[in-house]
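Close look at the chain arrangement
The primary structure of each chain is shown beneath.
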Amino acid sequence: MNRKWLYYGVFFAVLIGGFYFTMTKLIPGYEEVKLPVLSYVRPFSFINQDGEKVTETDLKGRVYVTEFFFTTCPNICPMLNTNMKVIYEKFKSEPDFIVVSHTCDPDRDSFPVLKHYSDSLQVDNKKWWFLTGRKDSLYLTARNSYLLDDPKNGLQKIEDQFMHTQFFALVDRNGRVRKIYDGLKKKELKELEEDIPRILKEKAMDGNFSNNLFSK
């Protein structure tokens, strides 16, 4: 009886192993652990560095890394964008990848100011966008869409708020936030470099967003 069950065990082990091997060959990425979905990007309307209107639909089908900064920041923002430029340089040749930076100081950071800042970085604005808009809309997007700031910080009046965050968000082709990274930590920046190609391999889904909340 023991030998019989041993044969059964070996048989099913071989069967399961064969199934797994076949699936990894037929479905690229089958064996990879997928990044979870943390949030969905809500509808927005901002202005880019060229004075053009940008909405969430302009990002459909693209993978992007996003952040919030301000041009007059004397401390962490220059370090953040130095690190972000490394990401930009590494993936700028990918046709479906871009960087999206939002100002958290729209009173000072008009689109001409953002254009000047962008020019100082010597980046291609087709691959790295700089966005401004209404302060309340920017802050809600940071907190509710990208999860880059604690929503509790929004309890005071919007004119009394000032957001200062060092985190980046990785967003997939379907407007889903997949991971948050500390933009000042080398280990997490390395993870970001490793995760971007994985997300680029994923296919876009039908509709504006994968959960159909914002499909037309």
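Residues numbered from 1 in each chain as written. Predicted model: local features only at pLDDT ≥ 70, side-chain atom pairs only at ≥ 80, totals over all residues. Heavy atoms only, no water.

1. Side note on the side chain of arginine 173
Quick note on the threshold: By the criteria applied, helices consist of DSSP H or I runs no shorter than four residues and strands consist of E runs no shorter than two, each listed in order from the N terminus. Whenever a nitrogen or oxygen atom comes within 3.5 Å of another N or O atom, the pair is scored as a polar contact, on the condition that within protein one atom can donate a hydrogen and the other can accept it, and that pairs from neighbouring residues in sequence are kept only if both atoms are in side chains. Any two residues whose heavy atoms approach within 4.5 Å are treated as being in contact.
One can find arginine 173 in the loop between strand 7 (167-171) and strand 8 (176-182). Side-chain polar atoms of arginine 173 contact the backbone oxygen of glutamate 202, separated by 2.8 Å. Apart from residues lying up to four places away in sequence, arginine 173 is in contact with Lys60, Gly61, Arg62, Val63, Asp96, Ile199, Leu200, Glu202, Lys203 and Ala204.

2. Regarding the pairing of strand 2 (residues 45-48)
Operational definition: With a 1.4 Å probe rolled over the protein chains alone, any residue whose accessible area is under 20% of its type maximum counts as buried; one over 50% counts as exposed, and the rest are partly exposed. Between any two strands, pairing holds if DSSP finds at least two bridges.
Only one face of strand 2 is covered, namely the face carrying Phe46 and Asn48; the face carrying Ser45 and Ile47 is uncovered. Pairing geometry for strand 2 and strand 3 (residues 53-55), over three bridges, is antiparallel. The residue of strand 3 that forms the bridge with serine 45 is threonine 55. Remark: four residues form the turn of the hairpin made by strand 2 and strand 3, two consecutive strands paired antiparallel; glycine 51 in that turn has positive phi of roughly 80°. Bridging between strand 2 and strand 6 (residues 128-132) involves two bridges; their strand directions are antiparallel. Following the sheet pairing, asparagine 48 is matched in strand 6 by leucine 131.

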